[in-house]
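The primary structure of each chain is shown beneath.
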Amino acid sequence: YPQNRKYEEVMQENLENQFGRAAFEEVCLDFQVDIVISLRDVWHDRFIERSVFRNKFKWCYDYCIDSDPLPAYHLNTYKKVDLGLTYTAYGKYVIETQSNIKIFDIVRCGVDLNVYKPVNKKGIREKYNLSPEVIIFGTISRNQPRKRVGEEFDAFDIFLRKYGKEYPDIISNTYLLCHTTSPDCGIDIPEHIDRLGIGKQCLFTYRCDKCGQFTIRNYCGDSGVPCQNCKNFSCRFPSGNRGLTEEQVANIHQLCDYYIQPSIAGACEM
C-alpha cells in the first residue's frame with residue numbers, strides 16, 4: 001500500500017484494499033508487468049479487470065470453482081481472462097459446460113516437500129506432549145457452515161459408540177484433533193461437543209499471541225489460556241488473521257494417523 005499513508009486508513013477506504021488493490025496500480029507501473037497470475041476466489045481479484053493497465057498485461061487465472069451453477073458475475077469476470085486454469089477436473093467441467101470458456105489445463109495446489117514430509121511419529125508426538133500410542137483423526141478448516149464441522153463431531157461420536165464396546169482399549173485412546181476457529185460463523189463448538197459428551201476425546205490447537213507457538217489440548221475456552229511455552233495467558237484459537245506457519249501446519253498433519261476433510265463447497269477439497 002502507499003507508504004505515505006497509514007495502513008488503517010488505506011484498509012478502511014475500500015474492502016478490496018485488503019486483497020492488494022491499493023498497491024496494484026503502483027506495482028504495474030513500477031515493474032511494467034507482462035503477466036498477472038491469480039490463484040484466489042473471484043471476489044479477491046475483480047479489481048484486476050478494472051485496472052487502467054489491463055491492456056498492458058496478460059491475465060492468467062487458476063479459477064477457484066467450488067459449486068455449481070456459477071453466478072453470472074463470476075462468469076463475466078472469467079471471460080475477460082487470457083488464460084484459464086482450474087484446481088480440479090470438477091472445476092473444468094463446471095466452467096466449460098456453462099460457458100464457451102476453454103480451460104487450458106488443470107493445475108492443482110502444490111506443497112513444499114521439504115516442509116510437508118513424513119517424520120518420526122514418536123518424536124513429533126513427544127514435541128506436543130502426546131503419547132505415541134494414541135490414534136489421531138485430524139482436520140484443518142474454518143468453522144464455517146460449508147465445512148460441516150458439526151457433522152464431523154457427529155460422525156466421530158457415532159464412531160466412538162459403534163466400536164467402543166468391541167474395542168474399548170483402542171477407542172478410549174482415539175482422538176479427533178481439530179485445527180479450527182472458535183467463535184466463528186459455524187457451530188458453537190463447546191456446546192456441540194458437550195451435548196455429545198465427547199469433549200475428553202476432542203483436541204484443539206491453541207496459538208499464543210506472545211510467542212507464536214501452538215499447543216494441543218482439550219477445549220478450555222476461546223481465549224486467555226496459559227501458554228505452555230512462555231507461560232503467558234495469551235493462547236486462543238487461531239484464525240485467518242492469526243494463523244500458524246507452514247512448518248506448524250505441517251506438524252499438525254504429521255501428528256495425525258488419518259485426515260478428514262468434509263465440505264459441501266470447496267475448490268481444493270473436491
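Each value, and the rule that gives it
Residues numbered from 1 in each chain as written. Predicted model: local features only at pLDDT ≥ 70, side-chain atom pairs only at ≥ 80, totals over all residues. Heavy atoms only, no water. Pairing = 2+ DSSP bridges. Helix = DSSP H or I, 4+ residues; strand = E, 2+ residues; numbered from the N terminus. Contact = heavy atoms within 4.5 Å. Axes fitted to C-alpha atoms, helices over the stretch in contact; angles between N-to-C directions. Phe/Tyr/Trp six-rings, centres within 6.5 Å; stacked < 30°, edge-to-face > 60°. Buried < 20%, exposed > 50% of the residue type's maximum accessible area, 1.4 Å probe, protein only. Lys NZ or Arg CZ within 6 Å of the ring centre and 35° of its normal.

Our next topic: the sheet that holds strand β2 (residues 58-63). Pairing is parallel across the open sheet formed by four strands, whose spatial order is β1-β2-β3-β4. Every interior strand has two partners, whereas the edge strands, β1 (35-38) and β4 (105-106), have only one. The pairing of β1 with β2 spans four bridges and is parallel. Paired with isoleucine 35 across the bridge in β2 is lysine 58. Sheet strands in contact with helix α5 (residues 89-98) are β2, β3 (83-86) and β4, and its direction is about 130° off that of β3.

It is worth spelling out the packing of aromatic side chains at this point. Under the defined criterion, the tally for this structure stands at 16 aromatic pairs. Ring geometry for tyrosine 206 and phenylalanine 237: centres 4.8 Å apart, planes at 45°, overall tilted. Highlighted residues: tyrosine 206 in strand β7 (residues 202-208) and phenylalanine 237 in the loop between β9 (235-236) and α10 (246-255), separated in sequence by 31 residues. For tyrosine 206, a relative accessible area of 0% puts it in the buried group. You can call phenylalanine 237 buried: its relative accessible area is 3%. Cluster of aromatic residues (ring-pair linked, three or more members): Phe137, Phe159, Tyr163, Tyr167 and Tyr258. A cation over an aromatic ring shows up here: arginine 217 above the ring of tyrosine 206, its NZ or CZ 5.6 Å from the ring centre.

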